[in-house]
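Examining the three-dimensional arrangement
Given next are the chains, with one letter for each unit.
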Amino acid sequence: RRGAAEKMARSDLRAAGYNMSRLTKIQLQCLDLLDIDVIGLTEVWSTAANLDDYRGANRLLVGDPPTAGDPAGAVAARLSASAARALHSWDMVPGARNRAMWMQFATVRGPVVIVVAYVPPHYRKAPDQQTVLDAVSRFTTSWGTYPVIVIGDWNAQLVRHTDVSGRWVLRKDWTGMNSAQT
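Report on the accompanying structure. (Residues numbered from 1 in each chain as written. Predicted model: local features only at pLDDT ≥ 70, side-chain atom pairs only at ≥ 80, totals over all residues. Heavy atoms only, no water.)

1. A closer look at the overall build of the chain
Looking only at helices and strands, the chain has three helices and ten strands in total. For the chain, the sequential pattern of α-helices and β-strands runs β-α-β-β-β-α-β-β-β-α-β-β-β. Among the 182 residues that make up the chain, the fraction classed as buried is 42%. Long-range contacts, defined as pairs at least 24 residues apart, comprise 58% of the intrachain contacts of the chain with a sequence gap of at least 6. By element, 53% of the accessible surface of the chain is carried by carbon and sulfur atoms, the whole surface being about 9,800 Å². (Helix = DSSP H or I, 4+ residues; strand = E, 2+ residues; numbered from the N terminus. Buried < 20%, exposed > 50% of the residue type's maximum accessible area, 1.4 Å probe, protein only. Contact = heavy atoms within 4.5 Å. Areas by Shrake-Rupley, 256 points an atom, 1.4 Å probe, with all protein chains shown as cover.)

Listed below in structure tokens is the structure:
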């Protein structure tokens, strides 16, 4: 999968991650308002495949479709117009199936690789957490001296039943999903 590989005019490449929990045209329009070149999207379900040309060529890169029984387990990336022009190539991370993709961009400082990964909850199996982490680790270390940025949803959480683990904690108590400032 190849792009135009026109070098980005700016010297910086801005990247972020966003857990989509399904992808819609309205979400893409909102993302276009941000001044971010590459937004790694996780849990895009199968809705991303219908939107891959919505914002123009190479503006939404959609990974392989989710596996049966795990509809949320897919990734995509939304690119700014300049990042779409700077895209050299992209594909799925070997061994991670539909859960991780990579992109290589041409910048004035040289090539930059960005990986978008979705590590599933512990009960998902096709592939499981460890398989995805191992595949991403092997892939990122294979690029030698190239800078590699990894964006993702790791399905990690702080240990439950603790009073405080920092200024901000994910849960006020183990039963709720509320954030709490301590």
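Now that the structure has been shown, we can carry on.
2. Examining the sheet that holds strand E8 (residues 148-153)
Read across the open sheet, the four strands follow the order E5-E6-E7-E8; overall the sheet is mixed. The sheet is open, and its two edges are formed by strand E5 (87-92) and E8, each paired on a single side. With strand direction ignored, the average angle separating the axes of adjacent strands in the sheet is 15 degrees. Here strand E7 (residues 110-118) runs beside E8; their pairing, made up of six bridges, is parallel. Considered in E8, the bridge of Val116 is made with Ile151. Against the sheet, helix H3 (residues 129-141) touches strand E6 (100-107), E7 and E8, its axis set at about 175 degrees to E7. (Pairing = 2+ DSSP bridges. Axes fitted to C-alpha atoms, helices over the stretch in contact; angles between N-to-C directions.)

3. Some details on the side chain of Ser89
The topology assignment puts Ser89 in strand E5. Side chain to side chain, Ser89 and His88 meet in a polar contact 3.1 Å long. (Polar contact = N/O pair within 3.5 Å; in protein donor to acceptor, adjacent residues only side chain to side chain.)

4. Quick word on the nonpolar core
Among the nonpolar cores identified, the biggest contains 20 residues, and Val38, Leu79, Met101, Met103, Phe105 and Ile114 are the most heavily contacted of them. Of all the secondary structure elements, the ones that give two or more residues to this core are strand E4 (75-79), helix H2 (81-86), E5, E6 and E7. If you tally residues by element for this core, the top one is E7, at four residues. Beyond its immediate sequence surroundings of up to four residues, Ile114 is in contact with Leu13, Ala15, Val38, Met101, Trp102, Met103, Phe105, Ile149 and Ile151. (Core = buried A, V, L, I, M, F, W, Y, C linked by side-chain atoms within 4.5 Å.)

5. Some details on the packing of aromatic side chains
Throughout the structure, instances matching the rule amount to four aromatic pairs. Consider the rings of Trp102 and Phe139, whose centres lie 5.6 Å apart with planes at 35 degrees: the pair is tilted. On the criterion of sequence distance, the pair formed by Trp102 in strand E6 and Phe139 in helix H3 is long-range, its members being 37 residues apart. On the basis of an interplanar angle of 70 degrees and a centroid distance of 5.7 Å, the ring pair of Phe139 and Trp143 is categorised as edge-to-face. For Phe139, a relative accessible area of 10% translates into the label buried. Members of the aromatic cluster, each reached through a chain of ring pairs, are Trp102, Phe139, Trp143 and Tyr146. (Phe/Tyr/Trp six-rings, centres within 6.5 Å; stacked < 30°, edge-to-face > 60°.)

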